[in-house]
Amino acid sequence: MIAGRTGVAVVGAFALAFAVAGPGHAEPHVIPAHATSATDPPQDPMLIEVPYLDGTQVTVNPAWTLTECPTVDLDRPLSIECDDSGQISVSTDYYDPAFGSVPFPVQVTTSDGSPRTLPYLLGLAAPEPAEPIDAQLPYPALAGGRTLIPLADLVVSCTYCVNGFTVDVEGIEGDTGAPAPTVYVAAHHLVIDAPTQEATTTISLAITDGSGNPGEPSELTVPLVTRTDATATALHWLSPATASGPMNAQDLVADPEGAIWAITSCTSGVTGTATCSPTELTYAAADAAEPLADQVTVTLTSASGRVVVSSVTFVPDLDAPALASAAPATNELSPIATPQPPTTRTGAAGADSGILTPLWAALSPSTPKETP
């Protein structure tokens, strides 16, 4: 919301003030709430944008009279109301990225009794962009091998990801003079192929929501640890979202030595609910009609202290479990559920999925530094 300014009535996210320069010479002026920087893109001065799933008020010059409550020629859930003071309230409970703008003529009578139509446009303001992870990944990746990171772990929250989101790798930087790791996006995971000599890598990511609205650039720092032997490997499964029965902890790790692995933590899921015990992972889908996949990251530890990080992606309409592909994705939009910020007013996918548990306690100096 803009702070109040002398001579301008400010209500809600946007306000219109009609400055009177003299009888019959008044010109309309729109003050956008977000115009706080000279670098902001220019906005059509005749455009009124309704905030995402919210409302805005339009106030005409007190010396003028609102002739009639304006309308729009749309079969849409837009609510337009006017009060006796001439204030116009516009609200909406939906968002359509392709809405664009529609004519919104405001008819008034000026202070000298002249009729006038103010040719405004009505549009829908874009939702807040996705918030990407911009910190250190809370679990390590493999130096000298391949690591799959669930795409859901890259997004802290997203207001409008009802159809998924897009992940783009903008840059990769290692910490040695050797070639930087290879990083790319697969259908459900971020894939990292890192040289053995690397200790960390920094990945510049761009997350774009389902409306095409890009978020702020972010940097993901990924710690890399070297496995001392070629034993256990994390497995990343795709599972039918409506599958019944738990998944055994042993099925989340490929270990030729046959060690016993225990689940130490798991994320809770977004559209459904995941719970875990040391021996199994259980998932309950919230809605069989949910179109987005739900990802659960699972940390497992062996009796000797080795640690791996696996994942299970619960996919609607999948017939049978399968291992996730590490091939580069051909579909830019990743149909994966993400948490929504607590202020988002919608019933679409997105309860808070919780925070991943750091693994540094498990990677103590007395423990071989192994990784997925």
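The residue numbers shown here count from 1 along each chain, following its written sequence. Whole-chain, interface and lining totals are the exception, using all residues; otherwise, since this is a predicted model, local features are given only for residues with pLDDT of at least 70 and side-chain atom pairs are given and counted only at 80 or more. Hydrogens and water are ignored here; the side-chain numbers use all heavy atoms of the structure.

**Things to note about the nonpolar core**
Reasoning step 1: In these notes, a set of buried Ala, Val, Leu, Ile, Met, Phe, Trp, Tyr and Cys residues joined through side-chain atoms within 4.5 Å is what counts as a nonpolar core. For every residue, the accessible area obtained with a 1.4 Å probe (protein chains only) is divided by the maximum for its type, and the residue is called buried under 20%, exposed over 50%, and partly exposed between those limits. Within the largest apolar cluster, 32 residues are counted, with the highest numbers of intra-cluster contacts made by Leu151, Leu154, Phe165, Val167, Leu190, Leu220 and Val222.
Reasoning step 2: Secondary structure follows DSSP: runs of H or I at least 4 residues long count as helices, runs of E at least 2 residues long count as strands, and numbering of each begins at the N terminus. Elements represented by at least two residues in this core include exactly strand S11 (141-143), strand S15 (182-185), strand S16 (189-194), strand S17 (200-208), strand S18 (218-226) and strand S27 (307-315).
Reasoning step 3: Every residue in contact with Leu220, bar those within four places of it in the chain, is listed here: Ile133, Ala135, Gln136, Leu137, Leu154, Leu190, Thr201, Thr202, Ile203 and Leu205.
Reasoning step 4: Formed by 25 residues, the second largest nonpolar core is a distinct cluster that contains Leu53, Val60, Trp64 and Leu66. Residue contacts are counted whenever heavy atoms from the two residues lie within 4.5 Å of one another.

**Quick word on the sheet that holds strand S7 (residues 87-92)**
Reasoning step 1: Between any two strands, pairing holds if DSSP finds at least two bridges. Here we have 3 strands laid out as an open sheet, ordered S4-S7-S6, and antiparallel in their pairing. Because the sheet does not close on itself, it has two edges, and the strands there are strand S4 (55-59) and strand S6 (78-82). Recorded for the sheet is a direction-independent mean angle of 15 degrees between the axes of neighbouring strands.
Reasoning step 2: Note that S6 and S7 share 5 bridges and pair antiparallel. Residue Cys82 lies in a different strand from S7, and its bridge partner there is Ile88. Fitted lines through C-alpha atoms serve as axes, helices being fitted only where they are in contact, and the angles separating the N-to-C directions of these axes extend from 0 to 180 degrees.

**What to know about the environment of Gly245**
Reasoning step 1: Here Gly245 lies in the loop between strand S20 (236-240) and strand S21 (247-248).
Reasoning step 2: Distance from Gly245 to Tyr283, taken between C-alpha atoms, is 8.1 Å for residues 38 residues apart in sequence.

**Focus on the state of the cysteines**
Reasoning step 1: What counts as a disulfide here is a pair of cysteine sulfur atoms lying within 2.5 Å. Inspection of every chain in the model, using the stated rule, returns 3 disulfides.
Reasoning step 2: What pairs with Cys69 in a disulfide is Cys82, and their sulfur atoms sit 2.1 Å apart. The sign of the S-S torsion, about 85 degrees, decides the handedness of the disulfide formed by Cys69 and Cys82: right-handed. With Cys69 in the loop between strand S5 (65-66) and S6 and Cys82 in strand S6, this pair connects stretches of sequence that are 13 residues apart.
Reasoning step 3: Here Cys69 falls in the partly exposed class, since its relative accessible area comes to 30%.

**Description of the pairing of S18**
Reasoning step 1: With 3 bridges joining them, S11 and S18 adopt parallel strand pairing. Across the sheet, the residue bridging to Ala141 is Leu224, located in S18.
Reasoning step 2: As judged from the 6 bridges shared by S17 and S18, these two strands associate in the antiparallel manner. Bridge pairing links Thr202 to Thr221 in S18.

**Some points on the pattern of salt bridges**
Reasoning step 1: Salt bridge criterion: a side-chain nitrogen from Lys or Arg within 4 Å of a carboxyl oxygen from Asp or Glu. As enumerated under the stated definition, the model contains 2 salt bridges in all.
Reasoning step 2: The closest approach of N and O atoms between Arg146 and Asp193, which form a salt bridge, is 2.8 Å. With Arg146 in strand S12 (residues 145-150) and Asp193 in strand S16, this pair connects stretches of sequence that are 47 residues apart.
Reasoning step 3: Assessed through its relative accessible area of 41%, Arg146 is described here as partly exposed.
Reasoning step 4: Where Arg306 meets Asp255, a salt bridge forms, and the shortest distance between an N and an O atom there is 3.3 Å. You can see Arg306 sitting in the loop between strand S26 (294-302) and S27 and its partner Asp255 sitting in the loop between strand S22 (253-254) and strand S23 (261-266), a full 51 residues away along the chain.
Reasoning step 5: Among the residues examined, Arg306 registers a relative accessible area of 6% and is labelled buried.

**Thoughts on the packing of aromatic side chains**
Reasoning step 1: Between the rings of Phe, Tyr and Trp (Trp by its six-membered ring), a pair exists once the centres lie within 6.5 Å; its type follows the angle of the planes, with under 30 degrees stacked, over 60 edge-to-face, and the other angles tilted. Across all of its chains, the model carries 5 aromatic pairs by this definition.
Reasoning step 2: Measuring from centroid to centroid gives 5.1 Å for Tyr95 and Tyr160, while their planes differ by 80 degrees, and the two rings are edge-to-face. Of this pair, Tyr95 sits in the loop between S7 and strand S8 (101-109) while Tyr160 sits in the loop between strand S13 (155-157) and strand S14 (166-174), placing them 65 residues apart in sequence. As far as burial versus exposure is concerned, Tyr95 and Tyr160 are alike and both buried.
Reasoning step 3: With centroids separated by 3.8 Å and ring planes inclined at 10 degrees, the aromatic side chains of Tyr283 and Phe314 adopt a geometry described as stacked. Of this pair, Tyr283 sits in strand S25 (residues 280-284) while Phe314 sits in strand S27, placing them 31 residues apart in sequence.

**Some details on a negative patch on the surface**
Reasoning step 1: Only residues whose relative accessible area exceeds 30% and that take part in no salt bridge are eligible for patches, with like-charged residues grouped when within 9 Å of each other and nonpolar side chains (Val, Leu, Ile, Met, Phe, Trp, Tyr) grouped when within 5 Å. For the area figures, the Shrake-Rupley method with a 1.4 Å probe applies, and any residue is considered shielded solely by the protein chains shown. In this tally, Lys and Arg are treated as positive and Asp and Glu as negative; His is ignored, and so are the chain termini. In plain terms, the charge of a residue is placed at NZ if it is Lys, CZ if Arg, CG if Asp and CD if Glu. On the surface, Glu131, Asp134, Glu173 and Glu219 cluster together into a patch of negative charge.
Reasoning step 2: With respect to the element layout, Asp134 can be found in the loop between strand S10 (131-132) and S11.
Reasoning step 3: Judged by relative accessible area, Asp134 falls into the exposed class, the value being 53%.

**Re the sheet that holds strand S3 (residues 47-50)**
Reasoning step 1: Here 4 strands make up an open sheet; going across it, the order is S3-S9-S8-S5 and the pairing mixed. Single-partner strands in this sheet number two, and they are S3 and S5.

**Considerations on the side chain of Thr92**
Reasoning step 1: Residue placement: Thr92 occurs in strand S7.
Reasoning step 2: Here a polar contact is recorded for every N or O atom pair within 3.5 Å, except that within protein the pair must consist of a potential hydrogen donor and a potential acceptor, and residues adjacent in sequence are included only if both atoms are side-chain atoms. There is a polar contact of 3.3 Å between the side chain of Thr92 and the backbone nitrogen of Tyr94.
Reasoning step 3: Excluding residues that lie within four positions of it along the chain, Thr92 makes contacts with Val50, Pro51, Leu53, Asp54, Pro77, Leu78 and Leu124.

**Some words on the pairing of S16**
Reasoning step 1: Buried residues dominate S16, accounting for 5 of its 6 residues.
Reasoning step 2: Bridge analysis of S12 against S16 gives 6 bridges, and the strand direction is antiparallel. Residue pairing for S16: Arg146 is matched across the bridge by Asp193.
Reasoning step 3: As defined by bridge partners, S15 adjoins S16 across 4 bridges and the pair is classed as antiparallel. Directly across from Tyr184, in S16, lies its bridge partner Val191.
Reasoning step 4: Counted between consecutive antiparallel strands, the loop separating S15 from S16 contains 3 residues.

Just distances and angles here, no functional claims.
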